[in-house]
Amino acid sequence: MSCNLCPRKCGAKRGETSGKGFCSLGTLPKTARVSPHMWEEPCISGTKGSGAIFFSGCTLRCLFCQNHKISAENCGRIITAENLADEFKRLEDMEVHNINLVSPTPYINSIKKSLEIYKPNIPIVFNCGGYENTQTIKDLNGYVDIYLPDFKYSDNELAVEYSKAPDYVQIATSAIGEMINQVGKNEFDDDGIMKKGVIIRQLVLPNHTKNSIGVLDIIKENFPDTPVSLMGQYIPMHKAKNHSKLNRKITKREYEKVKNHLFELGLDGFVQELSSADEKYVPSWDY
């Protein structure tokens, strides 16, 4: 195939198991972990866990990625669309609250095929970095129930420096707008578990409260009714360990500054505890 799934639109030739272009990935899903996951937002993980499928590879190159072993090193196990449909069934049989597709963009075509083979009777979650091709999101209409996009940057120069993502602000704003238009108003069951909708995530970086505040301002202006998940889980990993501005956790003062702005804007959502900034919450990649 000639691939234009992500905003880079590099037109790369991709075979089933390998490809050229930015991601260098094949079209068949490469998975690093499939299991119930308890560390998402309360309305996603609930009491039984979110059925997380962590895909290898990524369309971003974040210096600070906590999942860098799979996002940058592309380790994992290649499976077929039929195998992936079987994993949907297996997770559903474990009574998880949803099927959580983590960093799925390079494999969207195979994922859609899997969902045509077997569509679980629980919500499908699209968990991504926010840097998405709006047309690709439009093509997911009818396949996805819940979107969990990051909104990482309010500064495009920072997005290029830290994630190699040109025009991040405009691209993420457009893509998230389509997600919201597509799934409509957020819906929850009687136990508070999300059935449909969008939650926008914002990870606070050390030395960059201005960036986070800018993101919250963009969300308030464009998506005032969409809940925000403010995350304090940052720990220096991957290339961030040797970066002068990223080589530490965020401080309580930094986090409080961003939280206060969230509250001042009157945005709904979730605020993570700083105790979440611990490597014990990074999954093991057992393929």
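This write-up is about the structure you can find in this document. Quantities reported herein were computed from a predicted structural model and do not represent experimental measurements.

Quick look at the overall build of the protein chain now. Tallying secondary structure elements over the protein chain gives nine helices and 13 strands in all. Scaling as 2.2 N^0.38, a compact globule of 287 residues should have a C-alpha radius of gyration of about 19 Å, and the protein chain matches this with 18 Å. Based on the C-alpha atoms only, the size of the protein chain along its principal axes is roughly 50 × 45 × 35 Å. Relative to its 287 residues, the protein chain shows a buried fraction of 58%. For the protein chain, the proportion of contacts with a sequence separation of at least 24, taken over those separated by at least 6, is 69%.

This next bit is on helix H6 (residues 156–163). Listing the buried residues of H6 in full gives Leu158, Ala159, Tyr162 and Ser163. Looking straight down H6, one finds its buried side chains confined to an arc of 100°; they lie on one side. Buried residues along H6 sit against helix H7 (168–183) and helix H8 (209–222). In this structure Asp155 caps H6, since a side-chain oxygen of it lies 2.8 Å from the backbone nitrogen of Glu157. With its phi angle positive at about 55°, Lys164 sits one or two positions after the end of H6.

Neither face of strand S12 (residues 228–231) is left uncovered, since the one carrying Val228 and Leu230 and the one carrying Ser229 and Met231 both have all their residues buried. Here four bridges tie strand S11 (residues 200–203) to S12, and the two strands are oriented parallel to one another. Of the residues in S12, the one forming a bridge with Gln202 is Leu230. Note that S12 and strand S13 (residues 269–271) share three bridges and pair parallel. In the strand pairing of S13, Val228 is matched with Gly269.

This part takes up the sheet that holds S12. The strand order across the open sheet built from three strands is S11-S12-S13, with neighbouring strands paired in parallel fashion. Both edges of this open sheet fall to S11 and S13, since each of them pairs with a single strand only. With strand direction ignored, the average angle separating the axes of adjacent strands in the sheet is 15°. In the packing of H8 onto the sheet, the strands contacted are S11 and S12, and the crossing angle to S11 comes to about 165°.

Next up on the list: unusual backbone geometry. Of note, Lys164 is a non-glycine position whose phi angle comes to about 55°, a positive value. Relative to the helices and strands, Lys164 resides in the loop between H6 and H7. Overall, Lys164 belongs to the partly exposed group, its relative accessible area being 49%. For Asp167, which is not a glycine, the phi torsion comes out positive at approximately 55°. Looking at where Asp167 falls in the secondary structure, it is placed in the loop between H6 and H7.

How each quantity is defined
Residues numbered from 1 in each chain as written. Predicted model: local features only at pLDDT ≥ 70, side-chain atom pairs only at ≥ 80, totals over all residues. Heavy atoms only, no water. Helix = DSSP H or I, 4+ residues; strand = E, 2+ residues; numbered from the N terminus. Rg over C-alpha atoms; globule rule 2.2 N^0.38 Å. Buried < 20%, exposed > 50% of the residue type's maximum accessible area, 1.4 Å probe, protein only. Contact = heavy atoms within 4.5 Å. Arc of directions from axis to C-beta. Polar contact = N/O pair within 3.5 Å; in protein donor to acceptor, adjacent residues only side chain to side chain. Pairing = 2+ DSSP bridges. Axes fitted to C-alpha atoms, helices over the stretch in contact; angles between N-to-C directions.

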